[in-house]
Amino acid sequence: MEKAVRIHPLDTVAVALAALQKGDSALGVELKENIPAGHKFALVPMRKDENIIKYGQPIGHADEDIAPGHHVHIHNLKTNLSDQLSYTYAPVSCKQEKAAPDIFRGFLRENGKAGIRNDIWIIPTVGCVNGIAQNLAKMAQEYCRGSVEKVIAFAHPYGCSQMGDDQEATRQLLADLCAHPNAGGVLLLGLGCENSGIDTITPYLGDHCENRLRTLICQDSADEMEDGLTLIKELIDQAAGDERQDISTEKLVIGLKCGGSDGFSGITANPAIGVFSDLLIARGGATVLTEVPEMFGAETLLMARCENEELFSQTVRLINDFKQYYEDHHQTIYENPSPGNKAGGISSLEDKALGCTQKSGDAPVKGVLGYGERVGCPGLQLLSAPGNDLVASTALAAAGAQIVLFSTGRGTPFGCPVPTVKISSNSALANKKTSWIDFDAGRLLSGMTLDELGKELYDYVLRVAQGEKTKNERYGIHDLAIFKRGVTL
């Protein structure tokens, strides 16, 4: 195996594929200091203030003169990024392959949407009834039968004491989840005195299956547990007879997310997800890329792939609105990656962003969505949401994703409201955390080709769509997090 990789011919740094020692030779360069796995070292001399190139793009500039063989990281690399920018539409030709749709076995809903699970969901309108929702879910498990395998309660702390756009976003997100096709039935559970009560949320539901929704206001019930179980039994009775049937991949929507990255994420896991994305889009499906702050530094590459100037303008607003959100809260826009990212070899936000956007493959951008908006067309979509793992993944589910692909170099056990496929960037993580990781992309470093790995991931996702359980599902990990942007009363 090679000791290091130069990702792009223009790169002035290489990434160590294993821990390298001072005096080792890699890619014709003698190392002048130890280089941890996933970290960068200089291939050529770089003067202070000169751009440092990785993925064929600047990831920052040298903060001092750097000689070949030296470690390049946060101690000698600084970001080039600044505040809000002006952009010019400069479209590039994008890969737009077409292939006959594939078939998976899923649940076709009355509104034409496709579900890959048939569970019963309990959605609280407000955090005050979280305990009721969780107790109902525990008590109702014994009634599951047929194709209904479990009842899941999604606790959250919001739904009251919110104002303005913050409150509107919470209402829309809860409504999106009530309409999600992975749910064979939904109990919308309210308290009765909250700002975002049942009567307030229902107008946000939009296109949903009315016969699969029940509502309960706890303050209006003499025994909310008894009444709640009665409604859940009704939902189970209705959904238990649902059967999987042949459905086209044109109805699949897959969310794309990364978290806890390392120096391999942009070399293995994220490019493999990019191949998957292109394969699904070619077969009529949709993929959704989010975590806008982790587009900073690579946004012009996505803007150039927008299919038309209107989508370009929407992408500019997507980026600049998120920067304004930072400024409104007096925070640094270009905060460096998390401690885990830095430890894994990520040195700047550009470094993270250029690796992160590998997940989008090569297809053109077909849609730009605000937080709480649902996917309305096939192809690659950009979704407004922060980088936080659970908040962004919940936003992907609310947008209509039946599955979220989550690449990681550090590992995490979490799961969002839909099956969450954890894809490791390195095989050591996959071998260590077998109860967390679903798919090992580190094999790209030991002989597999990128096309082979991407196709294997595509086949695996279709198996998940047909019922194969992800690790978060096997261990009963199903969480929800809402993007809180306003004051709390």
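The structure this text deals with has already been given above.
Treat the numbers as computed from the prediction; the structure is a model and nothing was measured. Positions within a chain are numbered from 1, following the residues in the order the chain's sequence is written. Residues qualify for local features only when their pLDDT is at least 70, as the model is predicted, and side-chain atom pairs are given and counted only at 80 or more; totals for whole chains, interfaces and linings, by contrast, use all residues. Based on all heavy atoms of the structure, the side-chain values leave hydrogens and waters out of the count.

Caption draft 1: Spotlight on unusual backbone geometry. Its identity is not glycine, yet D49 carries a phi of approximately 80°, on the positive side. Numbering of helices and strands runs from the N terminus; a helix is a DSSP stretch of H or I covering at least four residues, while a strand is a stretch of E covering at least two. Mapped onto the fold, D49 is located in the loop between β5 (40-42) and β6 (51-54). In this structure, H330 takes a positive phi of about 60° despite not being glycine. Within the secondary structure, H330 sits in the loop between α7 (309-328) and α8 (339-343). H330 sits in the exposed class, given a relative accessible area of 73%. Accessible area is worked out with a 1.4 Å probe on protein chains only. A residue is then buried under 20% of its type maximum, exposed over 50%, and partly exposed in between.

Caption draft 2: Broad picture of helix α10 (residues 389-398). The buried count for α10 comes to nine of ten residues, which makes it a mostly enclosed element. Two residues qualify as a contact provided that any one of their heavy atoms is within 4.5 Å of a heavy atom in the partner residue. Lining the buried residues of α10 we find α2 (164-178), β17 (253-258), β18 (286-289), β20 (379-383) and β21 (403-408). In the stretch just after α10, G400 is the one whose phi turns positive, near 115°.

Caption draft 3: Representation of the side chain of T420. With respect to the secondary-structure elements, T420 resides in strand β22 (residues 420-424). By relative accessible area, which is 0% here, T420 ends up buried. One polar contact links the side chain of T420 to the main-chain amide nitrogen of C416, over a distance of 2.9 Å. Separated by 2.9 Å, the side chain of T420 and the backbone oxygen of V418 make a polar contact. Polar contacts, as counted here, are pairs of nitrogen or oxygen atoms within 3.5 Å of one another; within protein the pair requires one atom able to donate a hydrogen and one able to accept it, and residues that are adjacent in sequence qualify only if both atoms are side-chain atoms.

Caption draft 4: View of the sheet that holds strand β12 (residues 119-124). Any two strands with at least two DSSP bridges between them are considered paired. The sheet built from four strands is open, its strands ordered β13-β12-β14-β15 with parallel pairing. At either margin of the open sheet sits one strand with a lone partner, and together these are β13 (151-153) and β15 (213-217). Adjacent strand axes in the sheet meet at a mean angle of 20°, parallel and antiparallel pairs treated alike. Across three bridges, the pairing between β12 and β13 is parallel. Paired with I120 across the strands is V151, a residue of β13. Each axis is a line fitted through C-alpha atoms, taken for helices only over the stretch in contact, and angles between the N-to-C directions span 0 to 180 degrees. In the packing of α2 onto the sheet, the strands contacted are β12, β14 (183-190) and β15, and the crossing angle to β12 comes to about 165°.

Caption draft 5: Looking closely at the packing of helix α5 (residues 269-282) against helix α12 (residues 450-465). The N-to-C vectors of α5 and α12 enclose an angle of 60°; their axes lie 8 Å apart at closest approach. The handedness of the crossing between α5 and α12 comes out as right-handed. Together, P271, A272, I273, V275, F276, L279 and L280 of α5 and L450, D451, L453, G454, K455, L457, Y458 and V461 of α12 make up the contact between the two elements. When residues are sorted by character, Ala, Val, Leu, Ile, Met, Phe, Trp, Tyr, Cys and Pro go into the nonpolar class, Asp, Glu, Lys and Arg into the charged class, and all the rest, Gly among them, into the polar class. For the contact of α5 with α12, the residue count by class is twelve nonpolar, one polar and two charged. With the far helix as reference, a near helix turned anticlockwise by less than a right angle produces a left-handed crossing, and one turned clockwise produces a right-handed crossing.

Caption draft 6: Geometry of the packing of aromatic side chains. In this scheme Phe, Tyr and Trp rings, the latter by its six-membered ring, pair at centre separations within 6.5 Å, and the angle between planes marks the pair as stacked below 30 degrees, edge-to-face above 60, and tilted otherwise. Under the counting rule described, the total for this entry stands at twelve aromatic pairs. An angle of 80° between the planes, with centres 5.5 Å apart, marks the rings of F322 and Y325 as edge-to-face. A residue pair is termed a helical-turn pair when its members lie 3 or 4 positions apart in one helix, as F322 and Y325 do in helix α7 at three residues. When its relative accessible area of 25% is taken as the criterion, Y325 is described as partly exposed. Judged by centre distance (4.9 Å) and plane angle (75°), the ring pair of F406 and F414 falls under edge-to-face. Judged by relative accessible area, F406 falls into the buried class, the value being 0%. When its relative accessible area of 10% is taken as the criterion, F414 is described as buried. Through pairs of rings, three or more aromatic residues link up here, namely F296, F322, Y325, Y326, Y371 and F483. Whether a charge lies above a ring is judged from NZ of Lys or CZ of Arg, which has to be within 6 Å of the ring centre and within 35 degrees of the ring normal. The residue whose ring lies beneath K433 is W436, and the NZ or CZ to ring-centre distance is 4.0 Å. Its end group placed over the ring of F439, R443 keeps NZ or CZ at 5.2 Å from the ring centre.

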